[in-house]
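Below, each chain spelled out in residue letters.
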Amino acid sequence: MEIRKQKGKQVGRLTVTEQIDQKHQEDLQRLRGFRLLDDDFLTKCFEGDTASIELVLRIVLEKPDLKVLDVRTQVFVENLLNRSVRLDILATDSTGAKLNVEVQRSDKGAGRKRARYNSSMMDANLLKKGEDFDKLPERG
């Protein structure tokens with residue numbers, strides 16, 4: 001099967017192998033532009049990957065024994081009356097502690113009050129009605 005080159009490129013015919021190679025090169029070029037700081041790429045890299053987020057958390061938190069049991073990405077925590085939040089990564093460790101990982105390109109929007117608000121939204125959804133506050137896990 002042969003196809004003519006188009007879109008400003010030299011006119012000629014490509015074999016199926018050449019088409020596959022060209023597509024591969026285009027995909028590689030697109031991948032070179034991805035960074036873990038890009039929300040969509042970060043989501044796909046860590047989605048369901050407990051080993052990778054465990055490694056990141058062990059390094060950042062300086063806890064070499066930390067064990068991640070569950071990881072979810074782009075977790076939406078809804079607040080019916082006020083501001084809701086979307087957590088980049090929500091991990092659960094072996095003690096039951098919930099760990100929120102937020103990745104920012106810059107300091108803008110990455111303040112302590114935002115972290116406090118996200119943390120409060122996580123806590124607000126951890127206890128069932130009537131449960132004792134002692135059931136809240138400690139923060140990692």
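Conventions used here
- Residues numbered from 1 in each chain as written.
- Predicted model: local features only at pLDDT ≥ 70, side-chain atom pairs only at ≥ 80, totals over all residues.
- Heavy atoms only, no water.
- Salt bridge = Lys/Arg side-chain N within 4 Å of Asp/Glu carboxyl O.
- Helix = DSSP H or I, 4+ residues; strand = E, 2+ residues; numbered from the N terminus.
- Buried < 20%, exposed > 50% of the residue type's maximum accessible area, 1.4 Å probe, protein only.
- Pairing = 2+ DSSP bridges.
- Axes fitted to C-alpha atoms, helices over the stretch in contact; angles between N-to-C directions.
- Contact = heavy atoms within 4.5 Å.

**With respect to the pattern of salt bridges**
Link 1 in the chain: Taken as a whole and judged by the stated rule, the model has seven salt bridges.
Link 2 in the chain: Here R58 makes a salt bridge to E54, at a shortest N to O gap of 3.2 Å. Of this pair, R58 and E54 are both found in helix 3 (residues 50-61), four residues apart, which corresponds to roughly one turn of the helix.
Link 3 in the chain: Using a relative accessible area of 11% as the deciding quantity, one classes E54 as buried.
Link 4 in the chain: Connected through salt bridges with shared partners, the residues K23, D27 and R30 form a single ionic network.

**What to know about the sheet that holds strand 3 (residues 68-77)**
In any sheet, the strands associate via hydrogen bonds between backbone groups, in a parallel or an antiparallel arrangement.
Link 1 in the chain: With respect to topology, three strands assemble into an open sheet ordered 3-4-5, the strand pairing being antiparallel. Both outer strands of the open sheet, strand 3 and strand 5 (98-101), are each paired with one neighbouring strand and no more. This sheet shows a mean twist of 30 degrees between the axes of neighbouring strands, independent of strand direction.
Link 2 in the chain: Set on the sheet, helix 4 (residues 112-124) makes contact with strand 3, strand 4 (85-93) and strand 5; between it and strand 4 the angle comes to about 65 degrees.

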